[in-house]
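The lines below spell out each chain.
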Amino acid sequence: MEPSIENYIKNLVRDAILNLQFQNDRQTYVIANWKMNKTIAEASEFFQNLNGRQDVNIVVCPPAPLLYPIQLIIEQFKKPIGLGGQNVHWEEKGAYTGEISTEMLKDVGCEYAIIGHSERRQYFLEDDAAINGKVKKALKAGLIPILCVGETLEEKNLLQTEQVLSRQLFGALKDIETSQLIIAYEPVWAIGSGQSATADLAEQTHAYIRSVLERVLGKRAESISILYGGSVNGENAADYSRMPNIDGVLVGGASLNAASFDEIIDVFAKGEPNK
Ligand code: PGA
């Protein structure tokens, strides 16, 4: 065999093995985004009723004042649940009225932080540079960013989905070299609208997102979990769970009720229900 051909084949095999290893590192997540909902009493009732599972990563992102009480509730009920903030600031501390630092999130037991949710991009005018600062700060503090990206209905209709996603990902991940993050693809038109993206469309878009991640982060892109978000419920969750590039879901409305959140968790969990 020509040495160059031999090398070529060796490289192909090495790449295939590397890809498989990275793919096997990929975790499945079911994440609740409670947005601006629930009191402490309501949260306590939710966790009393939630079965939860050990065989899938469950994360709940409540409003900031509920983080610490929920940390205590989770400990009390021994629930296998991770905690995340819905936002975080890019500075360490200082005169930023209304903002929350990474240290504060960690102090109350958070391991995750949602960053760049479309509602923050829309109502609080967060741009790609601000989101990049937040992702960097979260990573530095040891929090796992749940970076949200997605196109609006207008952008979708103008066939700009790939362009928008590419801009958001390159912007948010500028000067970042890690796979310690989660991406959530949340088409803005699907959020809270009942108009979820079909599993085929979501899979196709996730594959595109992974190709962009590969351009930004190289081979590590294979090990990054990409979640779908936008009107996920107990009925459509199974369709997403069957797709190779959909590694879980970020759930808003259907995560507010323990029974409907449990239905989604059961779909993504690997073993038998622990009821
Ligand atoms: P939804 O929200 O499930 O209510 O559509 C999802 C999200 O905004 O994270």
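Cut-offs and rules
- Residues numbered from 1 in each chain as written.
- Predicted model: local features only at pLDDT ≥ 70, side-chain atom pairs only at ≥ 80, totals over all residues.
- Heavy atoms only, no water.
- Helix = DSSP H or I, 4+ residues; strand = E, 2+ residues; numbered from the N terminus.
- Rg over C-alpha atoms; globule rule 2.2 N^0.38 Å.
- Buried < 20%, exposed > 50% of the residue type's maximum accessible area, 1.4 Å probe, protein only.
- Contact = heavy atoms within 4.5 Å.
- Areas by Shrake-Rupley, 256 points an atom, 1.4 Å probe, with all protein chains shown as cover.
- Lys, Arg positive; Asp, Glu negative; His and termini not counted.
- Charge placed at Lys NZ, Arg CZ, Asp CG, Glu CD.
- Pairing = 2+ DSSP bridges.
- Axes fitted to C-alpha atoms, helices over the stretch in contact; angles between N-to-C directions.
- Polar contact = N/O pair within 3.5 Å; in protein donor to acceptor, adjacent residues only side chain to side chain.
- 1 Å grid on protein atoms, 1.4 Å probe; cavity = no way out; pocket = protein on both sides within 12 Å on 5 of 7 lines; lining within 4 Å.
- Points joined across faces, edges and corners; volume = space filled by probe spheres on them.
- Nonpolar A, V, L, I, M, F, W, Y, C, P; charged D, E, K, R; others polar.
- Parallel < 35°, antiparallel > 145°, perpendicular 65-115°, else oblique.
- Left-handed = near helix turned anticlockwise from the far one by under 90°.
- Salt bridge = Lys/Arg side-chain N within 4 Å of Asp/Glu carboxyl O.
- Near = heavy atom within 4 Å.

Enquirer: Looking at this structure, I do not really get the overall build of the chain. What am I missing?
Expert: In terms of regular secondary structure, the chain is built from 11 helices and 8 strands. In summary, the chain has a C-alpha radius of gyration of 19 Å against a globular reference of 19 Å for 275 residues, a match within 12%. For the chain, the C-alpha atoms occupy an extent of roughly 70 × 50 × 40 Å along the three principal directions. Counting all 275 residues of the chain, 50% fall into the buried class. A separation threshold of at least 6 residues defines the contact pool for the chain, and within that pool the share at least 24 residues apart is 75%. Put simply, the chain shows about 13600 Å² of open surface, and 50% of that area lies on carbon and sulfur atoms. Measuring between centres, the 26 positive side-chain charges of the chain sit 4 Å from its 36 negative side-chain charges.

Enquirer: Whenever I open this one, the sheet that holds strand S2 (residues 57-61) confuses me. Can you help?
Expert: Where strands meet in a sheet, backbone hydrogen bonds hold them as pairs that are either parallel or antiparallel. With respect to topology, 8 strands assemble into a closed barrel ordered S1-S2-S3-S4-S5-S6-S7-S8, the strand pairing being parallel. Going across the sheet, the axis of each strand differs from the next one's by a mean of 25 degrees, ignoring polarity. Two elements, strand S1 (residues 29-33) and S2, share 5 bridges in a ladder whose sense is parallel. Looking at S2, one finds that Tyr-29 is bridged to Asn-57.

Enquirer: How do you make sense of the environment of Gly-192 when you look at a structure like this?
Expert: Among the secondary structure elements, Gly-192 is positioned in the loop between strand S6 (182-185) and helix H9 (199-217). Since its relative accessible area comes to 77%, Gly-192 is described here as exposed. For the pair Gly-192 and Ala-254, spaced 62 residues apart in the sequence, the C-alpha separation amounts to 9.6 Å.

Enquirer: What should I look at first to understand the side chain of His-117 in this one?
Expert: With respect to the helices and strands, the residue His-117 is situated in the loop between strand S4 (112-115) and helix H5 (118-123). At a separation of 3.5 Å, a polar atom in the side chain of His-117 contacts the side chain of Asn-33. Within the local environment of His-117, its side chain forms a polar contact with the side chain of Glu-186, the two groups lying 3.1 Å apart. Residues in contact with His-117, not counting those within four places in the same chain, are Asn-33, Lys-35, Cys-148, Glu-186 and Ile-191.

Enquirer: Quick question: what am I supposed to make of unusual backbone geometry here?
Expert: The phi torsion of most residues other than glycine is negative, and most of the peptide bonds are trans. Of note in this structure, Lys-35 is not a glycine but carries a positive phi near 50 degrees. If you trace the backbone, Lys-35 turns up in the loop between S1 and helix H2 (40-49). With a phi close to 60 degrees, Leu-159 is a non-glycine residue in the positive phi region. The residue Leu-159 is located in the loop between helix H7 (153-157) and helix H8 (161-172) in this model. Note on Leu-159: relative accessible area 78%, which makes it exposed.

Enquirer: Quick question: what am I supposed to make of the layout of surface pockets here?
Expert: Gaps between atoms show up when a probe of the same size as a water molecule is rolled over them. Taken as a whole, the largest pocket holds about 490 Å³ of empty space. As for the largest pocket, its lining consists of 20 residues, of which Lys-35, Gln-86, Asn-87, Arg-120 and Phe-124 are closest to the centre. Counting residues per element, the lining of the largest pocket draws most heavily on H5, which supplies 3 residues. Residues of the lining of the largest pocket, tallied by class, amount to 10 nonpolar, 6 polar and 4 charged.

Enquirer: Whenever I open this one, the packing of H8 against H9 confuses me. Can you help?
Expert: Relative placement of two packed helices is described by the angle separating their axes and the distance separating the axes. Two elements in contact, H8 and H9, have axes whose closest approach is 10 Å; the angle formed by their N-to-C orientations is 40 degrees. Classified by the angle between their axes, H8 and H9 sit oblique to one another. For the crossing formed where H8 meets H9, the hand is right-handed. Taking contact as the criterion, the partners of Thr-161, Glu-162, Leu-165, Ser-166, Leu-169 and Phe-170 in H8 are, on H9, Thr-205, Tyr-208, Ile-209, Val-212, Leu-213, Arg-215 and Val-216.

Enquirer: Is there a simple way to think about the pattern of salt bridges in this case?
Expert: Pairing is possible between side chains of opposite charge, provided their charged atoms come close. Under the defined criterion, the tally for this structure stands at 15 salt bridges. Between Arg-26 and Asp-247 there is a salt bridge, and its shortest N-O distance comes to 3.3 Å. Pair noted here: Arg-26 is in the loop between helix H1 (3-25) and S1 and Asp-247 is in the loop between helix H10 (237-241) and strand S8 (248-251), with a separation of 221 residues, a long-range link. The two residues Arg-26 and Asp-247 agree in class, both being buried.

Enquirer: Would you take a moment to explain the site of the ligand for this structure?
Expert: Around the ligand, 13 residues are found, and the nearest of them are Lys-35, His-117, Glu-186, Gly-192 and Ser-231. One of the backbone nitrogen or oxygen atoms of Gly-192 is found 2.6 Å away from an oxygen atom of the ligand. Gly-252 places a polar main-chain atom, nitrogen or oxygen, 2.8 Å from an oxygen atom of the ligand. When the ligand sits alone it has 290 Å² of accessible area, and the protein chains cover 95% of it. For the shell around the ligand, the residue count by class is 4 nonpolar, 7 polar and 2 charged.

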